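What the coordinates show
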Amino acid sequence: MAKPLQRSSPSRSPWLDRLSAFGVWSVALIITAIFAWIMGDILWRGAGQISWDFLTLPPQNAGRDGGIGPILVSTGLILVVCLSVSLPLGLGTAVFLSEFTAADNGFGRLVRRSLDILSGVPSIVFGLFGYTFFAQTLGLGFSILSGGLTLACMVLPILIRSAEEGFRAVPADYRLSAASLGLSRTATLWHLLLPAAVPGIVVGLVLGIGRAIAETAALIFTSGYVDRMPTSLLDSGRALSVHIFDLSMNVPGGDAPAYGSALVLVVLLILLNGAANWIGRRLSFQSGFHWR
Amino acid sequence: MVWSLQAIAAIAGALVLLIAAFLIGETLPVLQKVGFLPFFTDPAWNPTEALYNLAPMLWGTLFAAAGSVLLATPLGILSAMFCQYYAPAGIALLYRRLIELLAGIPSVVYGFWGLVTLVPLIGRLHPPGPSLLAGMLILTMMILPTVALTADASFAKVPPAYLQGAASLGLSRWGTIWGVVIPAAKSGLLTGVILETGRALGETMAILMVCGNVVQTPQSIFDPIRTLTANIALEMAYALGDHRSALFVSGLILMGLVTALVIVADAIAPEENHG
Amino acid sequence: MRLMRNRGYFAAFIVSLAASFGVQACSSSPQGTAPSSDGLTGKLILTGSSTVAPLVGEIAKRFEAEHPSVRIDVQTGGSSRGLADAKQRLADIGMISRALKPEETDDFQGFVIAQDGIGVIINKANSVGAISDRQLVDIYTNQIQNWREVGGEDAPITVVNKAEGRSTLELFLSYFQLQNSQIQADVIIGDNQQGIKTVAGNANAIGYVSIGAAEYDIGQGAPIHLLPVGGVEATVETVQDGSFPLARPLTLVTANPPSGLTQEFIQFAQSEDVHDIIKAQNFVPVQRKELAQTLR
């Protein structure tokens, strides 16, 4: 995807160029090494746990035996609820902020600042808020719905900010030419801006999914701890990250299945990120122009 | 169309008010009783003995967040440069997937890894091990993907014409990046920094596992610290009455901190910060 | 238009994803509405201590198996939440990892289901075999700062303490007659396993954790060992026979005198039918006659 710049000009400070190249490569190597360390650790200790039974059976003996079947289903449902609320809300807000408000618009600024603040609220506060607001005030109880909605609030700022960057990536020329061609604002949005903003949206989606699937503190208080197979969105369901936390912090002898669950979570994430990128690529190819 | 979008944006913006209202509601009992000042002037944090000094934890939060942002920002931006301008296409793609994965590893796993691997390592260097340094390093790893991915996206959208122009002017690769790409991508980079700082301030579970959680103002990076978030997570499970209320004050102060940060960012970079 | 078609695909993908979850969820819930032989039906919600939750979760599963029309949801979030939820009737039963305090007995009724001993642990590499209560107090109040002073090697002591409000901390403080403000800790931890991992990873650390959990992890090869307290070996047996001085009851609480399903479940959780579960979760079952005393 990336296109290395041509090494065309030896004239201006080649030593600086070489030094910076060295720096960039070593940073990449260090990060890869640390990543390999963590992943190797998870793979080494988790791989032995994985089996078809582990993926499908319900947990037994507080999670030491059995599997994570119902927990995978709950995690999936929580994520679906979270994204189906946050994605339309996030995209709508991003479009509004980048396309329909002027830079110095007071309302737009206010919304943007509120979202920045929201991104810094600690997850445990989201958890307690979700418990009070969704579970108690709205009467949803400890449920997948409460958990998904709480997560939606959490990932919203990430989603909006990244999508907004995506929209801003579209040069003003495009909008001007669209306007001069007589395209309506709505048509410009659907056919020009949205496809062009896809890379930014995908980054937001990937970061948002990552944050949602990794969240523990906010879910303990909302979607809860019940490890039974959920039968509706109003059932309580334990998320994978909550399961990992409980196994590693509360259950003696829970480390092995905790590593197994962490490995499953990472693989799940690879699949989800792959899907997000694949969908993103298809959408932006069809738009007819892409940058790289 | 515009109105519905505006309504959606209003909902998104109002969330923060809802959460603030909720926090203030929960903190009122203790604030009415002792006021706001004791949270900075009491001799210690001993909520069961009605002492509520949060200042050391405020410093702990600030040091940990500042250290990790200072580390993660250059690392993340260099990573993004690697992806965009240095690595061959195949490696860049792989590397990007890797960073995306790092973004989704649960904080429990980072904390777990930090507790069994990083902390004993630091402990051998300078006991006890759980420390501000451990917190900074773990946080750096956790927030690095945020800044790397946002920087990558904003580099990707620098119009190719800029790069071609720079090349035809005979600028070197680094000269192009430094002189052309970075100024053009400034807004995206700043977004990344704001997002990562928010994440660093708000991170809970991993930091709780590696920082030692002793309530003190750190004198060196090897001292254990407690952050405001860890304070909530550690004590909320058993807190009742005023103690519980006081923990929500931690949350409120944290939110105030983020608000201040956002205002400062707004003042420093008014022209890049909004479209 | 091509774009629209693609959005259709995406929507279809989401819908099919949701549908597949739904189908899977339905097909795998055998409980259904089959009437139970003893006529017990309904739903119970339990919330509270993260220490007690895994144990009660297992007890609930066995109860559900015996009474197919009953559903029991066990939630965690801490002892304080257990009390708060039980009082506000958000939960039928709260779970706390301590005894009810005297000032709480007006509002709640407590039912002990198991006991948990608290033992002092140090790293296996540490040569110290036993320390007196006096020495332990001095270590925790920073009067003794080096293992040399209690017969160990020349190394600074890393004191591991629990976070404020935790019931293990309260028990520890009251047994050693300390105030939490007197303790000079180097590390403060939350849950049990964090304590074990911290001591396992630091050769000079000392901490206190649940004995059952420590014994289990020692059996699994964790590099820690339990020190005697007050001259009594820290084992599940000494907790069970009452000779070990540091123990806490795991308690179910209700805001009203329990009746119906709530009562049935509490009785089940206190019965000998679940002693194997209690042992499997590394806690100590309570004998019948002691139970009668706690019930008043």
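Each chain carries its own residue numbering, running from 1 in the direction its sequence is written. Starting at A for chains and at 1 for ligands, labels are handed out in the order in which the entities are written. Local features in this predicted model are restricted to residues of pLDDT 70 or higher, and side-chain atom pairs are both shown and tallied only at a pLDDT of 80 or more, whereas totals for entire chains, interfaces and linings draw on every residue.

1. Points about the overall build of chain B
Elements are defined by DSSP. Helices are runs of H or I of four residues or more, strands are runs of E of two residues or more, and each kind is numbered from the N terminus. Summing up its helical and strand segments, chain B has 13 helices and 2 strands in all. Projecting the C-alpha coordinates of chain B onto the three principal axes gives extents of approximately 70 × 60 × 30 Å. Each residue is classed by its C-beta neighbour count within 10 Å, where at least 20 other C-beta atoms makes it buried, 12 or fewer makes it exposed, and intermediate counts make it partly exposed; the C-beta atoms are placed from backbone geometry. Counting across all 275 residues of chain B, residues that qualify as buried make up 61%. Contact between residues is assigned whenever the C-beta positions, reconstructed from backbone atoms, fall within 7 Å. A sequence separation of at least 24 residues applies to 73% of the contacts in chain B between residues at least 6 apart.

2. Structural notes on helix α7 (residues 211-219) of chain C
All names here are of chain C. For α7, the full list of buried residues reads I211, G212, A213, A214, Y216 and D217. Residues of α7 that are buried sit in contact with β4 (109-123), α6 (192-200), β7 (205-210), β8 (224-227), α8 (236-240) and β10 (284-285). Backbone geometry just after α7 places G221 at a positive phi near 100 degrees.

3. Section: helix α5 (residues 123-137) of chain A
Given a helix with a known number of residues, its expected span is that number minus one, times 1.5 Å. Between its terminal C-alpha atoms α5 of chain A stretches 20 Å, which fits the 21 Å expected from 15 residues at 1.5 Å a residue. What the bend at a residue measures is the angle between two axes, fitted to the seven residues ending there and to the seven starting there. Taken as a whole, α5 of chain A carries its principal kink of about 30 degrees at G130 of chain A. The buried count for α5 of chain A comes to 12 of 15 residues, which makes it a mostly enclosed element. Where α5 of chain A is concerned, the buried positions are S123, I124, V125, F126, G127, L128, F129, G130, Y131, F133, F134 and A135 of chain A. Contacts made by the buried residues of α5 of chain A are with α6 (144-168) and α10 (217-220) of chain A together with α1 (2-34), α9 (186-202), α11 (228-235) and α12 (241-268) of chain B. A positive phi of about 70 degrees marks G139 of chain A, the residue just after α5 of chain A.

4. A few points about the nonpolar core
Across soluble globular proteins, nonpolar side chains show a tendency to be buried alongside one another. As used throughout, a nonpolar core is a set of buried Ala, Val, Leu, Ile, Met, Phe, Trp, Tyr and Cys residues joined through C-beta atoms within 7 Å of each other. Of all hydrophobic cores here, the largest spans 284 residues; its most connected members are L156 and A197 of chain A together with I138 and V210 of chain B. For this core, the element with the most residues is helix α6 (residues 132-156) of chain B, which contributes 18 residues. An automatic or database domain assignment provides the domain bounds reported here. Residues lining this core come from more than one domain, with at least three contributed by each of domain 1 (42-115 + 248-290) and domain 2 (117-240) of chain C. Discounting chain neighbours no more than four positions away, the residues touching L156 of chain A are S86, L89, G90 and L118 of chain A together with A12 and L15 of chain B.

5. Thoughts on the interface of chain A and chain B
Counting from both sides, the interface comprises 91 residues of chain A and, opposite them, 84 residues of chain B. Counting only elements with at least two residues in the side of chain A that touches chain B, the list comes to α1 (14-46), α3 (69-99), α4 (106-119), α5, α6, α9 (198-214), α11 (240-249) and α12 (255-286) of chain A. Only Asp, Glu, Lys and Arg are considered charged, only Ala, Val, Leu, Ile, Met, Phe, Trp, Tyr, Cys and Pro nonpolar, and every remaining residue, Gly among them, polar. Across the side of chain A that touches chain B, the residue classes break down as 55 nonpolar, 24 polar and 12 charged.

6. A few points about unusual backbone geometry
Even without a glycine there, the phi angle at N213 of chain B is positive, about 60 degrees. Within the secondary structure layout, N213 of chain B lies in the loop between α10 (205-210) and α11. Positioned with a positive phi, N142 of chain C is a non-glycine residue whose angle comes to about 70 degrees. Residue position: N142 of chain C is located in the loop between α4 (133-140) and β5 (158-162).

7. Comments concerning the pairing of β7 of chain C
It is a general feature of regular strands that their side chains alternate between the two faces of the sheet. Residues and elements named next belong to chain C. Most of β7 is tucked away, with 6 of its 6 residues classed as buried. When DSSP finds two or more bridges between two strands, those strands count as paired. Of the strand pairs in this sheet, β5 and β7 are connected by 2 bridges, and their pairing is parallel. Paired with V159 across the bridge in β7 is I206.

8. Some remarks on the pairing of strand β1 (residues 42-48) of chain C
Residue and element names in this part refer to chain C. The buried count for β1 comes to 5 of 7 residues, which makes it a mostly enclosed element. In the sheet, β1 pairs with strand β2 (residues 70-74) via 5 bridges, with the strands oriented parallel. Its bridge partner lying in β2, L46 is registered against V74. Throughout, right-handed denotes a crossover for which the path from the first strand over the helix to the second runs clockwise when the strands point away from the viewer. Viewed along the sheet, the connection from β1 through helix α2 (residues 53-66) into β2 turns out right-handed. As paired elements, β1 and strand β3 (residues 93-96) share 3 bridges and run parallel to each other. Bridge pairing in β3 links G48 to M95.

9. Some thoughts on the environment of L265 of chain A
Mapped onto the elements, L265 of chain A comes out in helix α12. Judged by C-beta crowding, with 27 C-beta atoms within 10 Å, L265 of chain A ranks as buried. The residues contacting L265 of chain A, other than those within four sequence positions of it, are I213, L240 and S241 of chain A together with P106 of chain B.

10. A closer look at the confidence of the model for chain B
All names here are of chain B. Known as pLDDT, the predictor's confidence for each residue is given on a scale from 0 to 100. With 97% of its residues at a pLDDT of at least 70, chain B reaches an overall mean of 87. Mean pLDDT values for the elements of chain B range from 47 in helix α13 (residues 270-273) up to 94 in helix α3 (residues 55-86). For this predicted complex, the interface score ipTM comes out at 0.81, while the overall pTM is 0.84.

11. Quick word on the confidence of the model for chain A
Residue and element names in this part refer to chain A. Residue-level pLDDT values for chain A average 85, and 92% of them are 70 or greater. Note on residues 6-11: pLDDT under 50 across the span, and 7 contacts to partners over four residues away in sequence or across chains. This model gives residues 287-292 a pLDDT under 50, and the stretch forms 11 contacts once residues within four places in sequence are excluded.

12. A word on the packing of helix α7 (residues 160-168) of chain B against helix α8 (residues 173-184) of chain B
All names here are of chain B. Helix axes are fitted only over the stretch in contact, all axes being lines through C-alpha atoms; the angle between N-to-C directions runs from 0 to 180 degrees. Contact geometry of α7 with α8 gives a least axis separation of 10 Å together with a crossing angle of 160 degrees. As summarised for this structure, α7 and α8 are arranged roughly antiparallel, according to the angle between their axes. Note on packing geometry: the crossing formed by α7 with α8 is right-handed. Residue-level contacts link Y162, L163, A166 and A167 of α7 to T176, V180 and A184 of α8. Grouping the constituent residues of the contact of α7 with α8 by class yields 6 nonpolar, 1 polar and no charged. These descriptions rest on fixed angle ranges, namely under 35 degrees for roughly parallel, over 145 for roughly antiparallel, 65 to 115 for roughly perpendicular, and the rest for oblique. Left-handed describes a crossing whose near helix is turned anticlockwise from the far helix by less than a right angle; the clockwise case is right-handed.

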